[in-house]
Amino acid sequence: QVQLVESGGGLVQPGGSLRLSCAASGLSFKAFAMGWFRQPPGKEREFVAARGWNSDTIYSNSVKGRFTISRDNTKNTVYLQMNSLKPEDTDVYYCAAGRTCNYRYGASYEYWGQGNQVTVSS
């Protein structure tokens, strides 16, 4: 059974930092692309960042230069370091795993985490 367990969300002030973690089990982690998405209330899930099995790394324009995705294949874990956070980064963040190169498309991922709330507010 595949599980993606997220942690690290919470409340932070504008300009602050948070690191999300997503620990995977039940799959061949090295063979999967890992992505982060977020979902504003009442809107569709949107792409944030992805790191492929071959270390390809891409970001959405809204987070480029502020967020960093990394993965540790020895721990089957992917991370999202979020710096210079803004109120508009407030969302539920999801990690996802997929055998795909279409990193930006949620439908190309096979497995999803439970979601983790990030709130940026003073």
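Going by the structure above, here's the rest.
This is a predicted model, so every value here is computed, not measured. (Residues numbered from 1 in each chain as written. Predicted model: local features only at pLDDT ≥ 70, side-chain atom pairs only at ≥ 80, totals over all residues. Heavy atoms only, no water.)

## Some points on the pairing of strand β7 (residues 67-72)
Then comes step 1: What you see with β7 is a clean split: Phe-67, Ile-69 and Arg-71 sit on the buried side and Thr-68, Ser-70 and Asp-72 on the side with no burial.
Then comes step 2: Judged from the six bridges that link them, β7 and strand β8 (residues 77-82) form a sheet pairing that is antiparallel. Bridged to Phe-67 within β8 is Met-82.
Then comes step 3: Two successive antiparallel strands, β7 and β8, enclose a turn made up of four residues, where Asn-76 displays a positive phi of approximately 50°. (Buried < 20%, exposed > 50% of the residue type's maximum accessible area, 1.4 Å probe, protein only. Helix = DSSP H or I, 4+ residues; strand = E, 2+ residues; numbered from the N terminus. Pairing = 2+ DSSP bridges.)

## So, the nonpolar core
A general trend in soluble globular proteins is that nonpolar side chains are found buried together.
Then comes step 1: The biggest cluster of nonpolar side chains holds 26 residues, and the ones touching the most others in it are Met-34, Trp-36, Val-48, Phe-67, Leu-80, Met-82 and Tyr-93.
Then comes step 2: Breaking this core down by element, the ones donating at least two residues are β3 (18-25), β4 (33-39), β5 (46-51), β7, β8, β9 (91-98) and β11 (116-120).
Then comes step 3: With four residues, β3 is the single largest residue contributor to this core.
Then comes step 4: Apart from residues lying up to four places away in sequence, Val-48 is in contact with Trp-36, Phe-37, Arg-38, Ile-58, Tyr-59, Ser-60, Val-63, Phe-67, Leu-80 and Tyr-93.
Then comes step 5: Membership of the second largest hydrophobic core comes to seven residues, among which are Phe-47, Ala-96, Tyr-103 and Tyr-109. (Core = buried A, V, L, I, M, F, W, Y, C linked by side-chain atoms within 4.5 Å. Contact = heavy atoms within 4.5 Å.)

## Here we look at the side chain of Asn-116
Then comes step 1: One can find Asn-116 in strand β11.
Then comes step 2: What Asn-116 contacts, discounting residues up to four positions off in sequence, is Glu-6, Ser-7, Gly-8, Gly-9, Leu-20, Asp-91, Val-92 and Tyr-93.

## Focus on the pattern of salt bridges
Then comes step 1: Under the counting rule described, the total for this entry stands at five salt bridges.
Then comes step 2: Across the salt bridge formed by Glu-46 and Arg-38, the nearest N and O atoms sit 2.8 Å from each other.
Then comes step 3: Here Asp-89 ties to Arg-38 by a salt bridge, and the two come within 3.0 Å at their closest N and O atoms. Of this pair, Asp-89 sits in the loop between β8 and β9 while Arg-38 sits in strand β4; the two residues are 51 residues apart in sequence, bridging distant segments of the chain. Accessibility classification places Asp-89 together with Arg-38 in one group, the buried group. (Salt bridge = Lys/Arg side-chain N within 4 Å of Asp/Glu carboxyl O.)

## As for the environment of Arg-51
Then comes step 1: Tracing the backbone through its elements, the reader meets Arg-51 in strand β5.
Then comes step 2: As for Arg-51 and Ser-70, which are separated by 19 residues in sequence, their C-alpha atoms are 7.0 Å apart.
Then comes step 3: Apart from the residues within four sequence positions on either side, Arg-51 is in contact with Ala-33, Met-34, Asp-56, Thr-57, Ile-69, Ser-70 and Arg-71.

## Description of the state of the cysteines
Then comes step 1: Within this structure, the stated rule accounts for one disulfide.
Then comes step 2: Bridging Cys-22 to Cys-95, the disulfide has an S-S length of 2.0 Å. Residues Cys-22 and Cys-95 share a disulfide whose torsion about the S-S bond is about 50°; that sign makes it right-handed. Here Cys-95 lies in strand β9 and Cys-22 lies in strand β3, a separation of 73 residues in the sequence.
Then comes step 3: By relative accessible area, which is 0% here, Cys-95 ends up buried.
Then comes step 4: Cys-101 carries a free sulfur, and the closest cysteine sulfur to it, the one in Cys-95, is 19 Å from it. (Disulfide = S-S within 2.5 Å.)

## Points about the environment of Thr-77
Then comes step 1: Secondary-structure assignment places Thr-77 in strand β8.
Then comes step 2: A sequence separation of 29 residues divides Thr-77 from Gly-106, and the C-alpha atoms of the two residues are 19 Å apart.
Then comes step 3: For Thr-77, the contacting residues outside a window of four places in its chain are Ser-21, Cys-22, Ala-23, Phe-29, Ser-70, Arg-71 and Asp-72.
Then comes step 4: At 2.8 Å, the side chain of Thr-77 and the backbone oxygen of Lys-75 are in polar contact. (Polar contact = N/O pair within 3.5 Å; in protein donor to acceptor, adjacent residues only side chain to side chain.)

In short, geometric facts, not functional conclusions.
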